[in-house]
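# Secondary and tertiary structure notes
Chain by chain, the residues run as shown.
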Amino acid sequence: MLQVAQLMEAAGVLVAVYDQDDRVRFTNRAFRSAWFIEEDEYPLWPELMRRNFHAGRGTIIKTDDFESWLLTTLARRGKSGFRAFETDLHDGRWLWMTETMQPSGWMLCVASDITSIRSDERTLRQDRDFALKASQTDELTGIPSRRFVMSKLDELVRSHGGVAEPVGCLAVLDLDNFKYINDRFGHAFGDLILKDFAITLQRLVRRTDIFGRVGGEEFVLILPNTTPDEAEVIVHRMLLAVRQSRPLPEHAGFRYTFSAGIACAVGGDDVGELYRRADLALYAAKMKGRDQISIEPDAHPARAARPS
C-alpha cells in the first residue's frame, strides 16, 4: 500500500478520493497543485470550489451566481457509477476527468492533461455537453428534470440484473396548497417558493440519492439501497427543514409545507407502476391532513427488507 501511495503521489495524472460526504480524503501532488489544496488539508468539495471560484483559480466556472451553479452541480455530482467530462483551469490547462463511484458514496477522481487536443473539436464537445446538461435540468429550480430522474429510476429497478429484491425507495413530494399560494400571492411568488424548496431539500440529499422536479409543485426523491423506515427518517428531516424555512423576508410570517408518499422499489419493477404506488401513498398523506409522510400500505414483505 505504501508503494501504491508513493506511485500515485508522483504520478503525472491528477488523483483524488472523496468520501460519502464529499470530503477530500486523498489527493496526490498534481491534484493539490491544480486545486490549491494543502498537503494536510481535507476540505469538502463545495468549500473547495467556492473558495477557488472567489479567488479566480482552479476550475473555470462561467457564472455570475456561484451558489446557483453549485446547487445544479451538486444535484448531479456522483449520481452515476462512472462519468467522464472535460474541464478548464485558470492556468490554461484543459483536463479530461473521470469520476468512479462506489455504492457507498466514495468517489475516485482521475484527471489527465489534454491541452494539446485540437481546439475546434473541443468546442464541439463542450457545446454538446452544455446542450445535454440543459435538457436534463429544470430551468426554474436548477435541479434535475423529469427526464433525468425518470432515467435514473429506470436504472435503479434494472440494477442487480432485474432480480426481484429490494433496491431502494421512491418518494414523491408535493407542496401543500400550492394553488392557493399562487392564487393569493401570484406566480412569481410561487416560483420563489419552488426555488426555496429545491435549495432546502438539496442540502439534505445524500450523495447517492437523486432529487428532481417532475412538474408543477411535484418533486421526486430516489433513495437507492434504502429501506422504507430509513427513507421515512430522511424525508422527515426534510419536512422539518421546510417547516422552518422563511423564504421571503418581506413576509416573515409566511411558511409552507409539503407531503410525501414513499414506495419500496424492487428489481424488475415497472417504473410507471412504482411511481403510481408512491403517488397513491402521497394521496394518503394529503388525506390525513398534509405536512406528513405516508408509506405504501400494501408493500410486499420483501420490500421492507434491506437490499443485500
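Here the structure is a predicted model, which is why all the values come from computation and not from measurement. (Residues numbered from 1 in each chain as written. Predicted model: local features only at pLDDT ≥ 70, side-chain atom pairs only at ≥ 80, totals over all residues. Heavy atoms only, no water.)

With that settled, consider the overall build of the protein. Across its full length, the protein holds 10 helices and 10 strands. Relative to the globule expectation of 19 Å for 308 residues, the C-alpha radius of gyration of the protein, 21 Å, shows essentially globular dimensions. Dimensions of the protein, computed from C-alpha atoms along their principal axes, come out at roughly 60 × 50 × 40 Å. The buried share of the protein, taken over its 308 residues, is 47%. The contacts of the protein with a sequence gap of at least 6 include a subset with a gap of at least 24, amounting to 60%. For the protein, the exposed area adds up to about 15,500 Å²; of that, 54% sits on carbon and sulfur atoms. Separation between the mean location of the 40 positive side-chain charges and that of the 45 negative ones in the protein comes to 1 Å. (Helix = DSSP H or I, 4+ residues; strand = E, 2+ residues; numbered from the N terminus. Rg over C-alpha atoms; globule rule 2.2 N^0.38 Å. Buried < 20%, exposed > 50% of the residue type's maximum accessible area, 1.4 Å probe, protein only. Contact = heavy atoms within 4.5 Å. Areas by Shrake-Rupley, 256 points an atom, 1.4 Å probe, with all protein chains shown as cover. Lys, Arg positive; Asp, Glu negative; His and termini not counted. Charge placed at Lys NZ, Arg CZ, Asp CG, Glu CD.)

On to the confidence of the model for the protein. Predicted confidence across the protein gives a mean pLDDT of 90, with 91% of residues reaching 70 or more. Counted against residues more than four places away or in other chains, residues 300-308, with its pLDDT under 50, gives 23 contacts. (pLDDT = per-residue confidence, 0-100.)

Let us now look at unusual backbone geometry. A positive phi is found at F36, a non-glycine position, where the angle reads about 60°. On the secondary structure map, F36 appears in the loop between α2 (29-35) and α3 (45-55). Residue classification places F36 among the partly exposed residues on the basis of a relative accessible area of 39%.

Relative to strand β5 (residues 107-113), strand β1 (residues 14-18) runs antiparallel, the two being bridged by five bridges. Across the sheet, the residue bridging to L14 is A111, located in β5. Relative to β5, strand β4 (residues 94-101) runs antiparallel, the two being bridged by seven bridges. Looking at β5, one finds that M97 is bridged to A111. Between β4 and the antiparallel strand that follows it, β5, lie five residues; G105 among them carries a positive phi value of about 105°. (Pairing = 2+ DSSP bridges.)

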